[in-house]
Amino acid sequence: MQKKKITFLHYFSNTLSYGNAQLIKSFNDHSAEYELEATTLDHEAFKTSIYETLKAGNPPDIYSNWAGARVRAILEHLEPIDDIWKEGNLDKAFNRSLIDTACTYDGKKYLIPISQHFIAFFYNKKIFADLKLTPPANWADFIKVCDAIKKAGITPIALGSKTKWPAQFWFDYLLLRTAPYEYREKLLKGEAGYDDPESLAAFKLWSGLLLKGYFNAKPNDTDWESGANEMVFKGEAAMTLMGAWITGSYSDEKHKWTQGKDYDFFPFPSVDEKIPKAMLGGLDGLVIPKKAVNVTGAKKALLHLAGVESQKNMSRGWGTLAPNINIEKNFYTDMQQRLLAEAASCPKLAFHYDLTTPPAAATAGLAMFTRIIEFPADYEVIIKNALPDFTEAFNK
């Protein structure tokens, strides 16, 4: 019997492609009736394509998507999955806070989570050891570490913001470390302004780092993976602020770096000790469009991909954490276990910028961030000039 096709459009490219291939294989090997057929787009092309295919009325059967504002933006076009949620008893597969913040919208389930990411500094251990440096826990120590690395003729921080989104982690963390979590929530909903004292304080700190020359030259011309990550691998830079998916790159056949030996991570340092610690991260998931041709098959695929073995396959390929809470702790590497422990120690977990604010506002924000990287001394003027873009975005 010929298998029925389930079409799947996703953004798991480059380093992420291997884990996705394993995820797809886990379903296709399992199903005698259906075959998952995937099409890959890079992140930026996907963001446009998802709206184009929905508008044209010819979507795939499954989209990958980022939990949060990106799902909210297309919610009217999505098929609820409460039936398979109940069938698979998925309340027992994921923790309650994740179900509430990532999977449930307007009281219904729409998203199956498949991979969870945390954002942290990943650093070259040899550079730190040679310079007798330890990972900094606070801002003063962070500045001292950057000064020592720069003095040694090495770029302290590698940043590849060519695709814009890697820049957001800097504003996110600086704001989360200097202002209450609740303020950030208001800002990203359009209820506060980027010219508020809280936002300006975060931008001032970021501008100061850029003006001190702690970053590589021309971050906006540098790719995050082939550029910034490679700088750290080659010893040209000491560290980079990136998601845990970086471990999939450093541990692959090309690099063969060992976690904890060749590279490691440390959390973003505290700036104001009075601000409760927050961890920044994101969550990838799968959703089904209402106009999908094969909704029945898509639901069967999502139910299978929510399972322990499927999510283990994705985790192995990506180096990230699987959302399914029934995966045994010893499945993960020591570094992954420490990332989980760090996240658990934080009172707040925040989805990163472009997953929290509406897509139109995210576009305006990412453009503003990259302009500040280019002209850090002019950050206040850049912010003032961008304010109408945010007003327009939130009034759409």
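Conventions and cut-offs
Residues numbered from 1 in each chain as written. Predicted model: local features only at pLDDT ≥ 70, side-chain atom pairs only at ≥ 80, totals over all residues. Heavy atoms only, no water. Buried < 20%, exposed > 50% of the residue type's maximum accessible area, 1.4 Å probe, protein only. Helix = DSSP H or I, 4+ residues; strand = E, 2+ residues; numbered from the N terminus. Pairing = 2+ DSSP bridges. Expected span 1.5 Å × (residues − 1). Contact = heavy atoms within 4.5 Å. 1 Å grid on protein atoms, 1.4 Å probe; cavity = no way out; pocket = protein on both sides within 12 Å on 5 of 7 lines; lining within 4 Å. Points joined across faces, edges and corners; volume = space filled by probe spheres on them. Nonpolar A, V, L, I, M, F, W, Y, C, P; charged D, E, K, R; others polar.

**Student:** Sorry, what's going on with the pairing of strand β10 (residues 278-287) here?
**Tutor:** Counting buried positions along β10 gives ten out of ten residues, so the element sits mostly inside the fold. Here β10 shows no split at all, with Ala278, Leu280, Gly282, Asp284 and Leu286 on one side and Met279, Gly281, Leu283, Gly285 and Val287 on the other all buried. The pairing of strand β3 (residues 62-66) with β10 spans four bridges and is antiparallel. Residue pairing for β10: tyrosine 63 is matched across the bridge by valine 287. Across six bridges, strand β6 (residues 112-124) lies against β10 in antiparallel orientation. Each residue of the ladder has a partner; that of proline 113, found in β10, is glycine 285. Sheet topology places β10 next to strand β11 (residues 348-351); four bridges connect them, and they run parallel.

**Student:** I keep staring at helix α17 (residues 359-374) and nothing clicks. Help me out?
**Tutor:** For an α-helix the count is 3.6 residues per turn, leaving residues at separations of three or four pointing the same way. Counted at 1.5 Å a residue, the expected span for α17 with its 16 residues is 22 Å, and the 23 Å between its end C-alpha atoms agrees. Three or more residues of α17 are buried, namely Pro359, Ala361, Ala362, Ala364, Gly365, Leu366, Met368, Phe369, Thr370, Ile372 and Ile373. Summarising the contacts, the buried residues of α17 are in contact with α2 (43-56), α3 (69-72), α8 (168-178), α10 (197-211), α16 (353-356) and α18 (379-394).

**Student:** When you look at empty space enclosed by the protein in this model, what are you seeing that I'm missing?
**Tutor:** Gaps left between atoms show up when a probe the size of a water molecule is rolled over them. Under the defined criterion, the tally for this structure stands at two cavities of 30 Å³ or more. Lining the largest cavity are 14 residues, and of these His43, Trp66, Trp165, Trp245 and His352 lie nearest its centre. Partitioning the lining of the largest cavity into residue classes produces seven nonpolar, four polar and three charged. In this structure, the second largest cavity encloses a volume near 40 Å³. In terms of lining, the second largest cavity is formed by Phe46, Lys47, Ile50, Tyr51, Asn65, Trp66, Arg70 and Ile74. Within the residue set of the lining of the second largest cavity, elements represented by two or more residues are α2 and β3. By residue number, the principal contributor to the lining of the second largest cavity is α2, which donates four residues.

Any functional reading would require information that these geometric values do not contain.
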